[in-house]
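Given next are the chains, with one letter for each unit.
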Amino acid sequence: MLRAGGVLVVDNATSHYAEMAAFVEAIGADAGFTCCLVPVGKGEFIAVKASA
């Protein structure tokens, strides 16, 4: 449960991409989120929930 304007950061997003591919795809397909994959370290998946 993430409130509007909340930020979700998931570590190891590139080093463990196979394990989290379905999650990344589901959040990326949700129009209520803006997402990016940052290639820092082992990768950071960042999703921001749209404001109400």
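All residue numbers refer to position in the chain's written sequence, counted from 1. Only residues with pLDDT of at least 70 are given local features in this predicted model, and only at 80 or more are side-chain atom pairs given and counted; all residues enter the totals for whole chains, interfaces and linings. Water and hydrogen atoms play no part in the side-chain values, which are based on all heavy atoms of the structure.

Asker: Mind showing me how you'd approach the state of the cysteines here?
Answerer: Each disulfide consists of one covalent bond between the sulfur atoms belonging to two cysteines. In what follows, a disulfide is any cysteine sulfur pair within 2.5 Å. Per the counting criterion, the structure on display carries zero disulfides. In this structure Cys35 is a free cysteine whose sulfur lies 7.8 Å from that of Cys36, the closest cysteine sulfur available. The exposure class assigned to Cys36 is partly exposed, which follows from its relative accessible area of 38%. Using a 1.4 Å probe on the protein chains alone, a residue whose accessible area is under 20% of its type maximum counts as buried, one over 50% counts as exposed, and one in between counts as partly exposed.

Asker: Can you walk me through the packing of aromatic side chains in this structure?
Answerer: Working definition: an aromatic ring pair is given by the centre-to-centre distance plus the angle between the planes. Only Phe, Tyr and Trp rings are paired, with Trp represented by its six-membered ring, and only when their centres lie within 6.5 Å; those with planes under 30 degrees apart are stacked, over 60 edge-to-face, the remainder tilted. This structure, assessed with the given rule, holds one aromatic pair. The interplanar angle of 70 degrees and the centroid separation of 6.1 Å between the aromatic rings of Phe23 and Phe45 together place this pair among those described as edge-to-face. One end of the pair, Phe23, is in helix 1 (residues 17-29); the other, Phe45, is in strand 3 (residues 44-49), and 22 residues separate them in sequence. Counting from the N terminus, the helices are DSSP H or I runs at least four residues long and the strands are E runs at least two residues long.

Asker: Help me out: how do you make sense of helix 1 in this one?
Answerer: Residues spaced three or four apart along an α-helix point in a common direction, a consequence of the helix completing one turn every 3.6 residues. Of all bends in helix 1, the biggest is about 30 degrees, found at Phe23. For helix 1, the set of buried residues is Met20, Val24 and Ile27. Pairs of residues are marked as contacts when any of their non-hydrogen atoms sit within 4.5 Å. Lining the buried residues of helix 1 we find strand 1 (7-11), strand 2 (33-38) and strand 3. Fitting axes to the seven residues ending at a residue and to the seven starting there, one defines the bend at that residue as the angle between these axes.

Asker: Whenever I open this one, the environment of Ala47 confuses me. Can you help?
Answerer: When you line up the elements, Ala47 lands in strand 3. Sequence separation between Ala47 and Cys36 is eleven residues, and the spatial gap between their C-alpha atoms is 6.6 Å. If we ignore the near neighbours within four places in the chain, the residues touching Ala47 are Gly6, Val7, Leu8, Ile27, Phe33, Thr34 and Cys35.

Asker: Please explain the side chain of Glu44 as it appears in this structure.
Answerer: Position of Glu44 among the secondary structure elements: in strand 3. Charge convention: Lys and Arg are scored as positive, Asp and Glu as negative, and His as well as the terminal groups of each chain are ignored. By convention in these notes, a salt bridge is any Lys or Arg side-chain nitrogen within 4 Å of a carboxyl oxygen on Asp or Glu. Lys42 provides the closest opposite charge to the buried, salt-bridge-free Glu44, at an N-O distance of 10 Å. Look past the residues within four positions of Glu44 in its chain and what remains in contact with it is Val9, Val10, Asp11, Ala13, Cys36, Leu37 and Val38.

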